[in-house]
Amino acid sequence: MKILISADMEGATGVTWPADVLPGTPQWERCRRLFTSDVSAAVTGFFDGGADEVLINEAHWTMRNLLLEELDERAVMLTGKHKSLSMVEGVQHGDVDGIAFVGYHTGAGTEGVLAHTYLANSITGVWVDGVPASEGRLNSLVVAEYGVPVVLVTGDDRTCEDAKGYAPGARSVAVKDYVSRYAAVCRTPARTAADIRAAAREAAPLAVRHEPVQTGPFTVELEFDAEHLVGAATVVPGVERSGVRRVAYTSPTMYEGIRCFKAVTTLVSAAVEEQYG
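Quick notes on the rules
- Residues numbered from 1 in each chain as written.
- Predicted model: local features only at pLDDT ≥ 70, side-chain atom pairs only at ≥ 80, totals over all residues.
- Heavy atoms only, no water.
- Phe/Tyr/Trp six-rings, centres within 6.5 Å; stacked < 30°, edge-to-face > 60°.
- Helix = DSSP H or I, 4+ residues; strand = E, 2+ residues; numbered from the N terminus.
- Buried < 20%, exposed > 50% of the residue type's maximum accessible area, 1.4 Å probe, protein only.
- Lys NZ or Arg CZ within 6 Å of the ring centre and 35° of its normal.
- Pairing = 2+ DSSP bridges.
- Contact = heavy atoms within 4.5 Å.
- Axes fitted to C-alpha atoms, helices over the stretch in contact; angles between N-to-C directions.
- Domains from an automatic or database assignment.
- Buried area = accessible area lost by both parts, 1.4 Å probe.
- Salt bridge = Lys/Arg side-chain N within 4 Å of Asp/Glu carboxyl O.
- Polar contact = N/O pair within 3.5 Å; in protein donor to acceptor, adjacent residues only side chain to side chain.
- Nonpolar A, V, L, I, M, F, W, Y, C, P; charged D, E, K, R; others polar.

- Named according to an unreviewed UniProt entry, the protein chain is Putative transport associated protein originating from Streptomyces bingchenggensis.

1. Section: the packing of aromatic side chains
Piece 1. Counted according to the given criterion, the structure contains 3 aromatic pairs.
Piece 2. A ring pair is formed by F101 and Y166, whose centres lie 6.2 Å apart and whose planes are at 45 degrees; its orientation type is tilted. Here F101, found in strand β4 (residues 98-102), pairs with Y166, found in helix α3 (residues 157-166); they are 65 residues apart in sequence, far enough to count as distant. As far as the burial class goes, F101 and Y166 line up, both buried.
Piece 3. Residues Y118 and F261 carry aromatic rings whose centres are separated by 4.9 Å and whose planes lie at 80 degrees to one another, so their mutual orientation is edge-to-face. Of this pair, Y118 sits in the loop between β4 and β5 (123-128) while F261 is found in helix α6 (residues 254-270), placing the two residues 143 residues apart along the sequence.
Piece 4. Looking at R246, its charged tip hangs above the ring of W127, at a distance of 4.2 Å from the centre.

2. Side note on the sheet that holds strand β10 (residues 218-224)
Piece 1. With respect to topology, 5 strands assemble into an open sheet ordered β6-β5-β10-β12-β11, the strand pairing being antiparallel. Looking at which strands have only one partner, the edges of the open sheet turn out to be β6 (131-132) and β11 (240-243).
Piece 2. Relative to strand β12 (residues 246-251), β10 runs antiparallel, the two sharing 6 bridges. By the bridge assignment, L222 is partnered in β12 with V247.
Piece 3. Packed on one face of the sheet, α6 meets β5, β10 and β12 and runs near 15 degrees to β10.

3. Some words on the domain arrangement of the protein chain
Piece 1. Here the domain parsing of the protein chain yields domain 1 (2-117 + 134-206) and domain 2 (218-270).
Piece 2. For domain 1 and domain 2, the distance between their C-alpha centroids amounts to 26 Å.
Piece 3. Taken together, the contact pairs 11 residues of domain 1 with 8 residues of domain 2.
Piece 4. Between domain 1 and domain 2 lies a buried interface of about 840 Å² when both sides are counted; carbon and sulfur atoms form 67% of it.
Piece 5. Of all residues in domain 1, S84, L138 and E145 give up the largest surface area on contact with domain 2, accounting jointly for 47% of the area buried on that side.
Piece 6. Scanning the region where domain 1 abuts domain 2 turns up 0 salt bridges.
Piece 7. In this assembly, domain 1 and domain 2 are joined by 5 residue pairs in polar contact (both at pLDDT 80 or more).
Piece 8. Here the side of domain 1 that touches domain 2 is composed, by residue class, of 5 nonpolar, 4 polar and 2 charged.

Dropping the structure here:
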């Protein structure tokens, strides 16, 4: 049994505001240990449940946040940027039996601690075939095309609720309860590590590869916080204006859909000038 852990940071234990996840800040230095604790607990739990291999894919910002030296020594970690499938890199090789979304969060425009989709503020909403789509939902559609089930999701309570829509059979752990985008009632790392380990152990038997699910084509729509970002996004072939601050595109598979999404967000990010006002 091989498990892939897609590890994001906004949904980690104790994380509640931007400085907690911004590389180089004192708060990030502190919170990356809490993040590492969550991920390591998941690794240990999966091995408790019978896993033979666990690959961790760093999925937050620089993708260089986890402390390798503090992880369960049986795991291996893929760290660094510029990966074909970004947050779920590694799922495409045909040897992954189940995937865990650890430290995940809710999508842009919804309730949740540090809620966003790929970009912190420029994107105000994402929909796939008319359904609001968090990073979890987007990534679940990608991994389904490789026959890999989502077996565990951790984050705030709103993230666990969101996961019921795209991975209803998965185990989930709320490490904190949403109060506002920048506030939460947080559990201690000792408690969340125990909860995550127990949930991962229970989730391990769910890691059974199935036939790939091909449900495309997919129509993806994005809404931005400024009109000029539509111009940046429509540089990508196939991406068309669908509203004053919206664009949409259709892809035959979610593999192609997520790669187009990456291209759009890269261009949009580059089109945002310095803060003002």
